[in-house]
Amino acid sequence: MKVFSNLISYIVHPLFIPIGGTIAYFLITPKFTPIEVQSASILPIFILTVIIPIVTFLILKNLGVVSTVFLENIAERKYPLYIHISILLLILYKVIPSNYIMELYFYFTGLLGAAMASLIMLFFKIKTSLHVIGVSGLLMYLVNLSIHFEINLIIAISIFILLTGSVITARLFLKAHSKIEVITGLFIGILSQLLTVRFWL
């Protein structure tokens, strides 16, 4: 069970949620999107949300600011969240507007809201599960896309419901979070996408 819990924690790491939602959009949308537009969105988002955070993490680890990729305590979470919020703002202001895609714009707006909510809670000494926030937010985004495009995504949604449950179970089993922390993460993840959906659904 420990091996499974660690594996699922790496596979569904919050790092992969922004690019995961971006790729999901282009796979699901019935709108014709030229390959150039897809590349102009996917590539910079991948670099900004995966490559740069990995490099930044290695720098922070060498400086002794963080110890593991799971950011286990409150002090370790602040700087990565500051960086994550800055990257999301950069994507919202520079990347997406160049090939404006409404559904992606509000997906990243939801991600920004979730990141800011997590950061604010840290100042009140409340740690939330970033893993659960990420996977539940992506789950809600898939539900929104299914309704928006009137496409049956029941298999994908079912898989992500299973993944969400697996992530919650894994984080609790590893004692990385308390029950209230994963429940808080679940609500933040779902609400962050639910509150933005009124602008594009």
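About the criteria used
Residues numbered from 1 in each chain as written. Predicted model: local features only at pLDDT ≥ 70, side-chain atom pairs only at ≥ 80, totals over all residues. Heavy atoms only, no water. Patch = residues over 30% accessible without salt bridge, like charges linked within 9 Å, V, L, I, M, F, W, Y side chains within 5 Å. Areas by Shrake-Rupley, 256 points an atom, 1.4 Å probe, with all protein chains shown as cover. Salt bridge = Lys/Arg side-chain N within 4 Å of Asp/Glu carboxyl O. Helix = DSSP H or I, 4+ residues; strand = E, 2+ residues; numbered from the N terminus. Buried < 20%, exposed > 50% of the residue type's maximum accessible area, 1.4 Å probe, protein only. Expected span 1.5 Å × (residues − 1). Contact = heavy atoms within 4.5 Å.

## Section: a nonpolar patch on the surface
There is a patch of nonpolar side chains on the surface, built from Leu43, Phe46, Ile47, Ile51, Ile52, Val55, Ile59 and Leu63 and spanning about 690 Å² of accessible area. Considering the arrangement of structural elements, one finds valine 55 in helix α3 (residues 35-62). Residue valine 55 is classed as partly exposed on the basis of its relative accessible area, which comes to 43%.

## A word on the pattern of salt bridges
Counted according to the given criterion, the structure contains one salt bridge. For the salt bridge of lysine 31 with glutamate 103, the shortest nitrogen-to-oxygen distance reads 2.9 Å. In this pair, lysine 31 sits in the loop between α2 (17-28) and α3 while glutamate 103 sits in helix α5 (residues 102-122), placing the two residues 72 residues apart along the sequence. Judged by relative accessible area, which is 0%, glutamate 103 ranks as buried.

## As for α3
For α3, which comprises 28 residues, the first-to-last C-alpha distance of 39 Å matches the rise-based estimate of 40 Å (1.5 Å per residue) to within 8%. Those residues of α3 that sit buried are Gln38, Ser41, Ile45, Leu48, Thr49, Val50, Pro53, Thr56, Phe57 and Leu60. Where the residues of α3 are buried, they touch α2, α4 (74-95) and α5. Immediately downstream of α3, the backbone of glycine 64 shows phi near 80°, a positive value.

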